[in-house]
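Architecture and fold: a report
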Amino acid sequence: MSTAAATAKPGFDRQGTLDDGARVDTAIRTFVAEFGRSAALHLESCVHCGLCADACHFHLATGDAKYTPVLKLEPFRRAYFRSTSPLAPLLRALGLVKAPTIADLQQWQELLYDSCTMCGRCTLACPMGIDIAELVKEARHGMFEAGLVPERLALMDRAARQWGSTATPGEDLPDILAEASREHGVEIPCDLPQADLLVTAAPAELGEHTGALAAAAKVLNRAGVRWTMHREGFDASNIGFNNGDLALQEKLTRSIVDTALKIGASTVLLPECGHAYGAARWEAARWYGQALPVRIVHMTEYLDELIADGRIRVAPVGASATFHDPCQIVRRGGLEAAARRVLAALGFELKELEAHGVGGLCCGGGGGVVSNQRAAPLRQKVFEIKRAQVEATGAERFVTSCGQCRITLEMGARAAQWDKPVESLLELVADRLVDER
Ligand code: SF4
Ligand code: SF4
């Protein structure tokens with residue numbers, strides 16, 4: 001994709017210099033290339049029951065039928081039926097399925113990027129097992145290739161292609177960590193030639209949220225882990241995964257896994273970031289063609305293990321709390337019980353949200369939506385559902401285990417002048433460490 005970029009009009013950005021016809025052709029070609037057998041089966045099996053609509057927070061928050069999840073696949077579906085379905089020649093000849101146009105793709109950019117967080121709640125609700133979240137992710141590949149990505153996300157993509165991170169070039173990492181180390185009074189090793197654990201970060205942790213980085217350092221140092229961060233592989237958030245930029249997704253994944261191998265680390269620790277988990281835990285093996293040569297764990301499961309093994313101990317907080325389940329970590333990642341065990345170790349009386357666990361409602365900011373400024377009004381409507389559910393619990397504290405969810409919820413709280421802090425599970429553990437030395 002060219003680095004030249006221009007905003008066509010609000011709600012529809014484009015990158016590069018392709019004319020409209022070439023954009024449509026590129027998008028369709030990429031959609032068609034994505035149709036493996038399973039995608040085709042998914043697209044063929046919808047029975048139009050509408051159950052996915054009531055699962056989607058964007059539909060719930062607005063009542064607008066255009067946010068019905070399966071409709072987000074419409075141009076993808078049309079490309080399939082015109083190109084590779086068994087009846088494609090007939091459907092084309094009779095004009096029964098229209099070819100997607102640039103106007104369709106324009107409308108689709110908003111549906112795919114502004115109003116889908118790839119949270120998978122619709123996937124869970126669908127009686128036919130249609131994985132809409134996965135198909136949205138595949139559809140984004142075509143949009144990226146056609147230069148049809150929200151400009152805010154495209155900007156981040158260009159930074160990550162150049163720097164290996166949306167936050168900073170790798171060469172600046174030692175200075176950033178040294179500064180965080182001074183500010184928080186904790187040792188944060190960087191670029192060690194040998195370690196057992198490679199620790200990665202989300203971009204916000206290298207900027208305004210270094211407290212999360214310091215919390216991780218306090219826990220790991222207390223547990224006596226031989227760990228390091230490393231300038232050659234440190235940003236786990238993987239903007240390529242969100243944007244549909246497969247080449248970048250592979251580059252970012254390899255930077256982490258290959259750096260772990262280089263320093264002899266058997267494990268990569270992911271930060272409190274949901275999409276990092278989706279990209280590294282579930283998709284990394286595709287770039288290696290075999291089982292991954294390193295173990296990849298999310299911060300929540302690592303905390304759970306450290307507590308269970310007695311390598312750290314925490315003092316109980318003694319309050320009630322409710323927990324926002326990050327979609328990529330819990331619904332799509334399976335870590336529902338691990339987070340609750342850590343909350344129990346912290347002595348919280350857990351008051352569950354009405355929608356929780358694998359059925360939890362998304363924060364509204366996943367899949368890059370939090371970084372897409374033009375989606376802010378829609379995000380805010382989603383926030384109001386979460387706020388109502390949190391208030392209904394009567395819980396004293398509000399905790400989550402994804403930094404991006406936390407940022408999204410904090411933005412919502414600020415806009416709504418809601419004064420409930422959103423707390424990080426990791427930072428709570430770090431604050432409550434019992435010093436046994
Ligand atoms: S993946 Fe989530 S945001 Fe996207 S359509 Fe499904 S429920 Fe809605
Ligand atoms: S829930 Fe599944 S079968 Fe029903 S309309 Fe949605 S995608 Fe189609």
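Residues numbered from 1 in each chain as written. Chains lettered and ligands numbered in written order. Predicted model: local features only at pLDDT ≥ 70, side-chain atom pairs only at ≥ 80, totals over all residues.

Along the protein chain, the regular secondary structure elements total 20 helices and 10 strands. Radius of gyration (C-alpha) of the protein chain: 22 Å, near the 22 Å computed for a compact globule of 437 residues. For the protein chain, the C-alpha atoms occupy an extent of roughly 80 × 50 × 40 Å along the three principal directions. (Helix = DSSP H or I, 4+ residues; strand = E, 2+ residues; numbered from the N terminus. Rg over C-alpha atoms; globule rule 2.2 N^0.38 Å.)

Turning next to the environment of Glu179. Inspection of the secondary structure assignment puts Glu179 in helix 11 (residues 173–184). Since 12 C-beta atoms lie within 10 Å of it, Glu179 is described here as exposed. (Buried ≥ 20, exposed ≤ 12 C-beta atoms within 10 Å, placed from the backbone.)

To continue, consider the domain arrangement of the protein chain. The domains assigned to the protein chain are domain 1 (5–149), domain 2 (162–306) and domain 3 (312–431). Look at where the C-alpha atoms of domain 1 and domain 3 centre, and you get two points 29 Å apart. Every contact between the two is made by 17 residues of domain 1 and, on the other side, 20 residues of domain 3. No other element matches helix 4 (residues 57–62), which puts 5 residues into the side of domain 1 that touches domain 3. Here the residues of the side of domain 1 that touches domain 3 are counted per class, giving 9 nonpolar, 6 polar and 2 charged. (Domains from an automatic or database assignment. Contact = placed C-beta atoms within 7 Å. Nonpolar A, V, L, I, M, F, W, Y, C, P; charged D, E, K, R; others polar.)

For the protein chain, mean pLDDT is 92; residues scoring 70 or higher make up 97% of the total. Counted against residues more than four places away or in other chains, residues 1–10, with its pLDDT under 50, gives 19 contacts. (pLDDT = per-residue confidence, 0-100.)

Close contacts around ligand 2 come from Cys46, Val47, His48, Cys49, Gly50, Leu51, Cys52, Val70, Ala125, Cys126, Met128 and Ile130, and that covers them all. Per-class residue counts for the shell around ligand 2 are 10 nonpolar, 2 polar and no charged. (Near = placed C-beta within 6 Å.)

Here we come to the nonpolar core. Grouped together as the largest cluster of nonpolar side chains are 132 residues, with contacts concentrated most on Ile132, Ala216, Val268, Leu270, Ala280, Val342 and Val429. Contact partners of Ala216, with chain neighbours within four places excluded, come to Val199, Met299 and Leu426. (Core = buried A, V, L, I, M, F, W, Y, C linked by C-beta atoms within 7 Å.)

With that settled, consider the site of ligand 1. In the region of ligand 1, 16 residues are neighbours, and Cys56, Pro69, Cys116, Cys119 and Cys122 sit closest. The set of elements that each furnish at least two residues to the shell around ligand 1 consists of helix 8 (121–125) and helix 9 (132–145). Of the residues in the shell around ligand 1, the class split is 12 nonpolar, 2 polar and 2 charged.

The next subject is the pairing of strand 7 (residues 320–324). Within strand 7, 4 of the 5 residues are buried, which leaves the element mostly enclosed by the surrounding structure. Of the pairings in the sheet, the one linking strand 7 to strand 8 (residues 349–350) comprises 2 bridges and is parallel in character. Among the inter-strand pairings, Ser320 is bridged to a residue of strand 8, identified as Glu349. At this point the chain moves from strand 7, through helix 17 (residues 336–345), to the parallel strand 8, and the crossover so formed is right-handed. (Pairing = 2+ DSSP bridges. Right-handed = clockwise from strand over helix to strand, strands pointing away.)

Taken together, 4 strands build an open sheet; the order of strands is 8-7-9-10 and the sheet is parallel. The open sheet terminates on both sides in strands that have one partner only, identified here as strand 8 and strand 10 (423–424). Against the sheet, helix 17 touches strand 7, strand 8 and strand 9 (397–400), its axis set at about 160° to strand 7. (Axes fitted to C-alpha atoms, helices over the stretch in contact; angles between N-to-C directions.)

What follows is about the sheet that holds strand 4 (residues 227–228). Reading across the sheet, the 4 strands line up as 4-3-5-6 and stay open at both edges, with parallel pairing between neighbours. Of all strands in the sheet, those with a lone pairing partner are strand 4 and strand 6 (295–298), marking the two edges. Pairing between strand 3 (residues 197–199) and strand 4: 2 bridges, direction parallel. Opposite Leu197, over in strand 4, you have Trp227 as the bridge partner.

Across the interface, helix 18 (residues 376–393) lies against helix 19 (residues 403–416) with an axial gap of 9 Å and an inter-helix angle of 90°. Classified by the interaxial angle, the pair formed by helix 18 and helix 19 is roughly perpendicular. On helix 19, the residues touching Arg379, Gln380, Phe383, Lys386 and Arg387 of helix 18 are Thr408, Leu409, Gly412, Ala415 and Ala416. Of the residues assigned to the contact of helix 18 with helix 19, the class counts are 4 nonpolar, 3 polar and 3 charged. (Parallel < 35°, antiparallel > 145°, perpendicular 65-115°, else oblique.)

Moving on: the packing of helix 1 (residues 20–34) against helix 9. Two numbers describe a pair of packed helices, the interaxial angle and the distance between the axes. It is the contact of helix 1 with helix 9, at a shortest axis distance of 8 Å, that shows an interaxial angle of 150°. One finds that helix 1 runs roughly antiparallel with respect to helix 9. Considering how the two elements wind past one another, helix 1 and helix 9 form a crossing that is right-handed. Along its contact with helix 1, which presents Thr26, Ala27, Thr30, Phe31 and Glu34, the element helix 9 presents Glu138, Ala139, His141, Gly142, Met143 and Glu145. When its residues are assigned to classes, the contact of helix 1 with helix 9 shows 4 nonpolar, 4 polar and 3 charged. (Left-handed = near helix turned anticlockwise from the far one by under 90°.)

Residues of helix 17 that are buried: Ala338, Ala339, Arg340, Val342, Leu343 and Ala345. Elements that come into contact with the buried residues of helix 17 comprise helix 16 (299–308), strand 7, strand 8, strand 9 and helix 20 (425–431). Directly beyond the C-terminal end of helix 17, a positive phi value near 75° is found at Gly347.

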